[in-house]
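Notes for the structure review
This is what each chain is made of:
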Amino acid sequence: MAQGHESSRGAIASELNFDLETLSVFKPTATDYIVDFLNWPLISGLLILIGLTALYLELSAPGIGVGGLTAALCALLFFWSHFLGGTAGWLEVTLFISGLLFVAAEIFVIPGFGVAGIAGLLLLFASVILASQSFIVPVTAEDWNRTFTSVAVTVASGCGFLVAAIVITKHMGQLPIFKGFILD
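Residues numbered from 1 in each chain as written. Predicted model: local features only at pLDDT ≥ 70, side-chain atom pairs only at ≥ 80, totals over all residues. Heavy atoms only, no water.

Scanning the chain from terminus to terminus reveals seven helices and zero strands. Counting from the amino terminus, the chain carries its helices and strands in the arrangement α-α-α-α-α-α-α. Burial analysis of the chain (184 residues in total) assigns 32% to the buried set. When the accessible surface of the chain is totalled, it reaches about 12300 Å², and 72% of it is carbon and sulfur. (Helix = DSSP H or I, 4+ residues; strand = E, 2+ residues; numbered from the N terminus. Buried < 20%, exposed > 50% of the residue type's maximum accessible area, 1.4 Å probe, protein only. Areas by Shrake-Rupley, 256 points an atom, 1.4 Å probe, with all protein chains shown as cover.)

Following this line, the structure appears as structure tokens:
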């Protein structure tokens with residue numbers, strides 16, 4: 001079926017000796033449109049940027065609050081959309097969770113910044129890159145373009161996060177939205 005090209009449903013039915021009523025037409029659902037929208041590189045980059053910034057805000061203020069929930073929601077939306085889009089699997093989710101555990105161990109258990117922190121960051125980076133593409137090693141020119149796009153979106157989101165973190169740190173007590181995060 002996938003090798004032939006027919007101009008209508010009737011031509012397909014006659015070619016395959018099927019009754020026209022037995023052929024089903026699949027149309028995209030609302031979920032398909034949402035997944036396609038969330039898989040655009042710009043939207044994926046915004047999810048990464050918002051998630052990192054929210055996580056930074058959460059770590060700046062004690063307790064579990066809006067920042068942690070927003071970061072978790074962004075991560076869930078990113079991986080859910082790529083999972084349903086067919087580019088992510090359990091490997092990418094496992095790499096992401098392992099990366100978070102390595103970074104958390106580096107921050108809360110192991111003093112300084114060393115092997116565990118670098119390994120965690122590399123695992124997080126690899127999980128986001130692999131979730132954005134359907135292959136592991138690029139072979140064709142199209143694969144290389146997709147990899148370049150994935151890396152560019154991830155790096156741009158990371159740079160945007162660094163700018164946001166600097167602005168938030170510098171103006172934490174001056175911006176009205178952040179005054180609630182500061183203890184007097």
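Among the structural elements, Glu92 can be located in helix H5 (residues 90-108). With no salt bridge to any partner, buried Glu92 finds its closest opposite charge in Arg146, at an N-O distance of 11 Å. A distance of 2.7 Å separates the side chain of Glu92 from the backbone nitrogen of Gly89, its partner in a polar contact. With sequence-adjacent residues up to four places away left out, Glu92 is seen in contact with Phe79, Thr87, Ser127, Leu130 and Ala131. (Lys, Arg positive; Asp, Glu negative; His and termini not counted. Salt bridge = Lys/Arg side-chain N within 4 Å of Asp/Glu carboxyl O. Polar contact = N/O pair within 3.5 Å; in protein donor to acceptor, adjacent residues only side chain to side chain. Contact = heavy atoms within 4.5 Å.)

Before going further, it helps to spend a moment on the confidence of the model for the chain. The predicted model of the chain averages 84 in pLDDT, with 88% of residues at 70 or higher. Confidence, read as mean pLDDT per element, is least for helix H1 (residues 9-16) in the chain (76) and greatest for helix H2 (residues 30-38) (92). (pLDDT = per-residue confidence, 0-100.)

Time to look at empty space enclosed by the protein. For the structure shown, the criterion picks out one cavity of 30 Å³ or more. Roughly 110 Å³ of volume is contained in the largest cavity. Every residue lining the largest cavity is counted, 14 residues in all, and those nearest its centre are Pro41, Ser44, Ser132, Ser150 and Val153. Looking at the lining of the largest cavity, the elements with two or more residues in it are helix H3 (41-60), helix H4 (66-85) and helix H7 (141-170). Sorting elements by how many residues they give to the lining of the largest cavity places H7 first, with five residues. Grouping the constituent residues of the lining of the largest cavity by class yields six nonpolar, seven polar and one charged. (1 Å grid on protein atoms, 1.4 Å probe; cavity = no way out; pocket = protein on both sides within 12 Å on 5 of 7 lines; lining within 4 Å. Points joined across faces, edges and corners; volume = space filled by probe spheres on them. Nonpolar A, V, L, I, M, F, W, Y, C, P; charged D, E, K, R; others polar.)

With that settled, consider the packing of aromatic side chains. The full count for this structure, using the stated rule, is five aromatic pairs. Centre to centre, the rings of Phe78 and Phe79 are 5.1 Å apart; their planes meet at 90 degrees, and the pair counts as edge-to-face. Just as Phe78 is buried, Phe79 falls in that class too. Pairwise contacts between aromatic rings join Phe78, Phe79 and Phe96 into one cluster. (Phe/Tyr/Trp six-rings, centres within 6.5 Å; stacked < 30°, edge-to-face > 60°.)

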